[in-house]
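# Coordinate analysis (summary)
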Amino acid sequence: SLAVLTGAGYWFYSTQYQAPVAQATGSRPSVAVMYFENNTGNKEMDWLRTGLTDMLVTDLSQSPDVEVLSTDRLVQILGSMNKLEDRQISFDTVQEVARRGGVKHVMLGSYIKAGDAIRINLKLQDAASGKILSTERVDAPSEASLFPTMDDLTRRLKARFAEASAVDLLAVLIPRPGPRPNFALDRDHKDVTTSSMDAYRFYAAGVEQSQRSRHLEAIPQFQKAVEIDPNFALAYVKMAVASGNIGRSNDRDRFAERALALVDRLTPRERYYIEGYYFGNKLETTVKAIDSYEKVLEIYPDHSASRNNVSVMYMRIEQYDKALAHLSILRERGFEFPGAAGNMAESYIGAGKNDEALQVMREFVNNYPDNENGHGNLGFTELSTNRFDDAERSFRKSLELRPNFPPVVSGLSQLAILRDDFEEARRLSGTLLKAPLANAR
């Protein structure tokens, strides 16, 4: 092909548009934990709306007996529905989140405060019928005691989800050289995250910023969290995420390496994912990255970030059939992440199937006409298949949606080169060289 699909995406948790999870397998219950309702009347306690959700998801994700929708994916779905700021969750929203997330159940919660005590109410609901399957209530004597209170709540929930023939998660973890990590199936929240509520508040604030693609604002919050607790592994993971998304590759690698050094503080899913990402940033460790991502998918087949990223690794070594096998699973669930659609188009081009590549991107643009990344990736696909006029129209449409979008400016520069318009190519490239963000330059 004449041009590389530079708009295609490598996904590390908190990109603006994210791939949907795979359909629930049916062998385990599947659930989405919605944001909590703040019934305290105190806006300073709003952080618990997302904080309690994150605590539950982190705890429940340790269990092999339930498939849990990630908070990143929940944010993506609610954002695309313009429901992210809703203070109350309607049943229509519940049903649509369940449909897009491929889950059968939802958890809806609320909290109130009386003196220092915080009362947390939770109900488990069948997403299709709206039937309440169970209710739970716990009381935290104070904000400082939220972790053990939430641990108690999730133990009750795990007991409800557990099947008689529970999966032995440790048995499927393949031993690695060096010290054996200590992975327990039911570790307390403080052992997976932090024992400091102050550190967790900064962490929760950073996660909320990252999930809204405000990565520059998120990094200082994570930095404050690790200053309070230098062993807060998940905060280092998220700092690696945010740094990578704004082109700070040195910081990304440094924070990822720090997270890996604290492997005992990570769940298997987080550990193998960050390991895959860290190895994937170096060409010579591509095979190690594939190994790590495949281990995530053995345990959590619905982990779409790993599925997308392992496809990128297979593309790197030109095993396009394996890349397409993973990407086809994502496509079946709606392809809301434009990078995955771009990756699939690039894989088809690599396999010599240009018509299929164009079909993938046209399908994506038809489904998501307001997504600037989609139009940009369609432009790169058209550029790679010698459709120069079509490529220019797609690039221009992308820039209408997001002026000065660096990958698309680069695409127009490549197009100018292919048309022998070198003056225009220099002009466009010059705007990128003057851009404030390092990854644009």
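Residues numbered from 1 in each chain as written. Predicted model: local features only at pLDDT ≥ 70, side-chain atom pairs only at ≥ 80, totals over all residues. Heavy atoms only, no water.

## A closer look at the nonpolar core
By size, the foremost hydrophobic cluster in this structure holds 72 residues, and its most contacted members are Leu52, Met107, Ile120, Tyr200, Tyr203 and Phe232. Excluding residues within four positions of it along the chain, Tyr203 makes contact with Asp54, Phe222, Ala225, Phe232, Leu234, Ala235 and Lys238. Grouped together as the second largest cluster of nonpolar side chains are 18 residues, Leu84, Ile89, Val103 and Leu108 included. (Core = buried A, V, L, I, M, F, W, Y, C linked by side-chain atoms within 4.5 Å. Buried < 20%, exposed > 50% of the residue type's maximum accessible area, 1.4 Å probe, protein only. Contact = heavy atoms within 4.5 Å.)

## Overview of the packing of helix H2 (residues 71-80) against helix H3 (residues 91-101)
It is at 10 Å that the axes of H2 and H3 come closest, and there the two elements cross at 125°. Relative to H3, the element H2 lies oblique. Considering only the axes of H2 and H3, their crossing is right-handed. Where H2 abuts H3, its residues Arg73, Leu74, Ile77, Leu78 and Ser80 lie against Thr93, Val97, Arg100 and Gly101. Here the contact of H2 with H3 is composed, by residue class, of four nonpolar, three polar and two charged. (Axes fitted to C-alpha atoms, helices over the stretch in contact; angles between N-to-C directions. Helix = DSSP H or I, 4+ residues; strand = E, 2+ residues; numbered from the N terminus. Parallel < 35°, antiparallel > 145°, perpendicular 65-115°, else oblique. Left-handed = near helix turned anticlockwise from the far one by under 90°. Nonpolar A, V, L, I, M, F, W, Y, C, P; charged D, E, K, R; others polar.)

## So, the confidence of the model for the protein
With 86% of its residues at a pLDDT of 70 or more, the protein shows a mean pLDDT of 82. Within the protein, the element-level pLDDT minimum falls on helix H5 (residues 189-192), averaging 70, and the maximum on helix H17 (residues 388-401), averaging 97. This stretch, residues 1-26, has a pLDDT under 50; its non-local contacts, to residues over four places away or in other chains, come to 122 contacts. (pLDDT = per-residue confidence, 0-100.)

## Some thoughts on the side chain of Ser30
Assignment of secondary structure puts Ser30 in strand S1 (residues 30-33). A distance of 3.0 Å separates the side chain of Ser30 from the backbone nitrogen of Lys104, its partner in a polar contact. (Polar contact = N/O pair within 3.5 Å; in protein donor to acceptor, adjacent residues only side chain to side chain.)

## A look at the packing of helix H13 (residues 320-332) against helix H14 (residues 338-350)
To characterise two packed helices, one gives the angle between the axes of the helices and the distance between these axes. At a closest axis distance of 9 Å, the pairing of H13 and H14 adopts a crossing angle of 145°. Read as a crossing pair, H13 and H14 show a hand that is left-handed. On H14, the residues that touch Tyr320, Ala323, Leu324, Leu327, Ser328, Leu330 and Arg331 of H13 are Ala340, Asn343, Met344, Ser347, Tyr348 and Gly350.

## Considering the side chain of Arg252
Here Arg252 shows up in helix H9 (residues 249-261). Of the residues examined, Arg252 reaches a relative accessible area of 14% and is grouped as buried. In terms of polar contacts, Arg252 uses its side chain to reach the side chain of Asp253, at 3.0 Å. Excluding its chain neighbours within four sequence positions, the residues that come into contact with Arg252 are Ala240, Ser243, Gly244, Tyr277 and Asn281.

## Overview of the pattern of salt bridges
Evaluated as defined, the whole model comprises 20 salt bridges. For Asp390, the salt bridge is made with Arg393, and the minimal N-O distance between the two is 2.3 Å. Remark: Arg393 and Asp390 occur in helix H17; sequence separation between them is three residues, near one turn of the helix. Residue class for Arg393 comes out exposed when judged on its relative accessible area of 53%. Across the pair Arg427 and Glu424 runs a salt bridge, and its minimum N-O distance is 2.8 Å. Taken as a pair, Arg427 and Glu424 lie in helix H19 (residues 422-433) at a separation of three residues, close to a single helical turn. Given the relative accessible area of 23%, Glu424 is considered partly exposed. A single network of salt bridges, built from pairs that share partners, joins Asp389, Glu392, Arg396 and Arg419. (Salt bridge = Lys/Arg side-chain N within 4 Å of Asp/Glu carboxyl O.)

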